[in-house]
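# Inside the fold
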Amino acid sequence: MYSRQWLEIFPPPTSKLIPKRWVFTAGPEFCILEGHTFVIERALYGLRTSGASWHQRFSDTLRDLKFKPCLADNDVWIKDCLTHYEYVCVYVDDIMHMSTNPQQLFDALKETYGYNLAGVGEPSYHLGGNFDRDDDGTLAWGAQAYIKKMLSNYSQLFGMLPKEYSSPMEEGDHPELDLTAELDQDGIRLYQSLIGALQWAVTLGRFDILVGVTTMSGFRVAPRQGHLERLQRMYGYLKRQPDGAIRFRTGIPDHESRGIPVSYSWINSVYGPNEEELPENMPTPRGKPFRTTTYEDANLMHCLVTGRSMSGIIHLVNQTPVQWFCKKQNVVETATYGSEFMVARQATEQIMDLRYTLRMMGIPIDGPAWMFGDNQSVITSSTIPHSDLNKRHNALSYHRVREAISANILYFIHIDGKLNPSDILTKFLSWAKFWPLIQPMLFWKGKPSRILILIYLSPKSSSTQKTHHLPD
């Protein structure tokens, strides 16, 4: 800061060194310094307690409007309207409101409580994600604007746009075996910047690149040239397929068309009699019922250096993907059976967490969750009471899954591995295997039920094709 007297002795730097926006004249709020010229050396956009103070003020406002924080997520606020619930989702000072009359809340915030609101209306852009509607009115949430920004930054860094690819990673690739030259410090910073942008794209719904991002994130401390080239390939894939979006489809999937799972009596087992524990303080369920569906898969020895397998899980509420999970397993499994049982346990625990969250939001759940896996041995061991466990080191996963099935929390059903969408979260697939699994999830527009997909055996030729029914 510079006073008039100080400026007479030491004139400020020229405008070539200090932009004009850094210099201002003090107003009456500066009392005796009013009229003095100031140079900003550092801008403070908030104090350490500003976020907490804002959160407290807005929480008081929502409580005054009869909203209550959800016990499963205190940034989701719910209001009982007797026939249904209304919701306000808060992320710092960004809010999204679900209601039959959303304008009423925004009018109250502006007129009664004095908030300055911007961008009020049907969502079009929120936290980096785009909202749009298909021709049939289906709401879609994607990352088109963010990917456009990613590609613009890429062009500035490399002087050109990336080469396009039909899949995020090359089939059968093992980046842990890469022996190309290690990157220097500038290269490491570049690598970390690129991987960070890809991670946020995954957060915005592009889980089709999740297994690649998860794998390549393990090299961020000391990446090699080959690792950087793999990130460039993922950018090239997003350039070719920027329009992937999650569509909010509310119809209940018709899993019963494949047959009702066989029901066994568990009363004479170590788990019975057993039933699902319901939260005592959950709101009264209101509205239409929801069904949860989970696809799980494991890839044995995904990493050839450590021997770790990869877990992949996708959760859907009705026909909408809501959660995706990809992670190297914590222990080394020596057989597919063990790695598949571990991911079944992980999926079971996530299903229980998801069902708790939905219940605490007042959402009625349509019976047990439906979990699909492609390992028949694991499913047999899990669903039949008298099945024995032959590998004792899998005991905890074995009992966790079986107890959930005995409590009628979930069904565990076999699905053909070629039709298991969670394969895209555990393996690097070629275009011919990758596209039929990801298209219904992120790219299909229109009615999703019983989608017929043409699987081209070559991305450049459609001379040979197969037709498959994908799961609802």
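Residues numbered from 1 in each chain as written. Predicted model: local features only at pLDDT ≥ 70, side-chain atom pairs only at ≥ 80, totals over all residues. Heavy atoms only, no water.

Moving on, we get to the overall build of the chain. Each helix and strand in the chain was counted, giving 11 helices and 17 strands. Relative to all contacts within the chain whose residues are 6 or more apart in sequence, the contacts with residues 24 or more apart total 68%. Taking the average place of the 48 positive charges on the side chains of the chain and the average place of its 50 negative ones, the gap between the two points comes to 3 Å. (Helix = DSSP H or I, 4+ residues; strand = E, 2+ residues; numbered from the N terminus. Contact = heavy atoms within 4.5 Å. Lys, Arg positive; Asp, Glu negative; His and termini not counted. Charge placed at Lys NZ, Arg CZ, Asp CG, Glu CD.)

Summed over the entire model, instances satisfying the criterion amount to 17 aromatic pairs. Measuring from centroid to centroid gives 5.6 Å for W54 and F58, while their planes differ by 10°, and the two rings are stacked. Residue W54 and its partner F58 are both found in helix α2 (residues 50-64); the two are separated by four residues, about one turn of the helix. Taking relative accessible area as the criterion, W54 reaches 27% and is therefore assigned partly exposed. Three or more aromatic residues link up through ring pairs in this structure, and these residues are F24, F30 and F38. (Phe/Tyr/Trp six-rings, centres within 6.5 Å; stacked < 30°, edge-to-face > 60°. Buried < 20%, exposed > 50% of the residue type's maximum accessible area, 1.4 Å probe, protein only.)

A separate point is the sheet that holds strand β14 (residues 369-373). One key point about sheets: their strands pair by backbone hydrogen bonds, in either a parallel or an antiparallel sense. The strand order across the open sheet formed by five strands is β13-β12-β11-β14-β15, and the pairing between neighbours is mixed. Pairing within the sheet leaves two strands with one partner each, and these edge strands are β13 (320-328) and β15 (410-414). On average, each strand axis in the sheet is tilted by 20° relative to the strand beside it, whichever way the strands run. Judged from the three bridges that link them, strand β11 (residues 292-299) and β14 form a sheet pairing that is parallel. Within β14, the position partnered with T293 by the bridge is W370. Seen against the sheet, helix α6 (residues 210-217) touches β12 (310-317) and β13 and runs at an angle of roughly 30° to β13. (Pairing = 2+ DSSP bridges. Axes fitted to C-alpha atoms, helices over the stretch in contact; angles between N-to-C directions.)

To continue, consider unusual backbone geometry. For the peptide bond that leads from G272 to P273, omega is -10°, which places it in the cis range. Position of P273 relative to the elements: it lies in the loop between β10 (245-247) and β11. In this model, L82 sits at a positive phi of 75°, which is unusual for a non-glycine residue. Mapped onto the secondary structure, L82 falls in the loop between β4 (73-80) and β5 (85-91). Judged by its relative accessible area of 65%, L82 falls in the exposed class. Phi at M301 takes a positive value of approximately 50°, unusual for a residue other than glycine.

Here we come to the environment of S309. Within the fold, S309 resides in the loop between β11 and β12. Its relative accessible area of 0% is what places S309 among the buried residues. Beyond its immediate chain neighbours, meaning those up to four positions away, S309 contacts N299, L300, M301, H302, K327, K328, Q329, E333 and S339. Only 3.2 Å separates the side chain of S309 from the backbone nitrogen of M301, close enough to count as a polar contact. (Polar contact = N/O pair within 3.5 Å; in protein donor to acceptor, adjacent residues only side chain to side chain.)

On to empty space enclosed by the protein, then. Over the atoms, a rolling probe the size of a water molecule traces out where space has been left empty. On inspection of all chains with the given rule, the structure shows three cavities of 30 Å³ or more. Quantified by volume, the second largest cavity comes out at close to 60 Å³. Lining the second largest cavity we find P168, M169, D208, I209, V211, G212, I424, K427, F428, L429 and F434. Split into classes, the residues belonging to the lining of the second largest cavity amount to eight nonpolar, one polar and two charged. (1 Å grid on protein atoms, 1.4 Å probe; cavity = no way out; pocket = protein on both sides within 12 Å on 5 of 7 lines; lining within 4 Å. Points joined across faces, edges and corners; volume = space filled by probe spheres on them. Nonpolar A, V, L, I, M, F, W, Y, C, P; charged D, E, K, R; others polar.)

What follows concerns the sheet that holds strand β9 (residues 139-142). Read from one edge to the other, the open sheet built from four strands follows the order β7-β8-β9-β10, with strand pairing classed as antiparallel. The sheet is open, and its two edges are formed by β7 (125-126) and β10, each paired on a single side. The sheet contact formed by β9 and β10 spans three bridges and is antiparallel. From the neighbouring strand, W141 faces β10, where its bridge partner is I246.

A surface patch of nonpolar side chains, amounting to about 410 Å² of accessible area, comprises L177, L300, M301, L304 and V305. A relative accessible area of 34% places L304 in the partly exposed class. (Patch = residues over 30% accessible without salt bridge, like charges linked within 9 Å, V, L, I, M, F, W, Y side chains within 5 Å. Areas by Shrake-Rupley, 256 points an atom, 1.4 Å probe, with all protein chains shown as cover. Salt bridge = Lys/Arg side-chain N within 4 Å of Asp/Glu carboxyl O.)

Turning our attention to helix α5 (residues 185-203). Its 19 residues place the ends of α5 27 Å apart at the C-alpha level, agreeing with the 27 Å of an ideal helix rising 1.5 Å per residue. Among the residues of α5, those classed as buried are G187, I188, Y191, L194, I195, A197, L198, A201 and V202. Lining the buried residues of α5 we find α4 (144-158), α6, α7 (225-240) and β13. Where α5 starts, the residue carrying a side-chain oxygen 3.3 Å from the main-chain nitrogen of D186 turns out to be D184. (Expected span 1.5 Å × (residues − 1).)

Mapped onto the elements, I246 comes out in strand β10. Residue class for I246 comes out buried when judged on its relative accessible area of 1%. Between the C-alpha atoms of I246 and P440, which are 194 residues apart in sequence, the distance is 9.8 Å. In this view, I246 contacts L139, A140, W141, G205, F207, T320, P321, W324 and L442; residues no more than four positions away in its chain are not counted.

Further remarks concern the pattern of salt bridges. Enumeration according to the criterion identifies 18 salt bridges in this entry. Residue D134 is joined to R247 by a salt bridge in which the shortest nitrogen-to-oxygen separation is 2.6 Å. With D134 in the loop between β8 (129-133) and β9 and R247 in strand β10, this pair connects stretches of sequence that are 113 residues apart. The two residues D134 and R247 agree in class, both being buried. With a closest N to O distance of 2.9 Å, E164 and K239 form a salt bridge. Remark: K239 occurs in helix α7 and E164 occurs in the loop between α4 and α5; sequence separation between them is 75 residues. Judged by relative accessible area, K239 falls into the partly exposed class, the value being 24%. Salt bridges sharing common partners tie together D173, D178 and R230.

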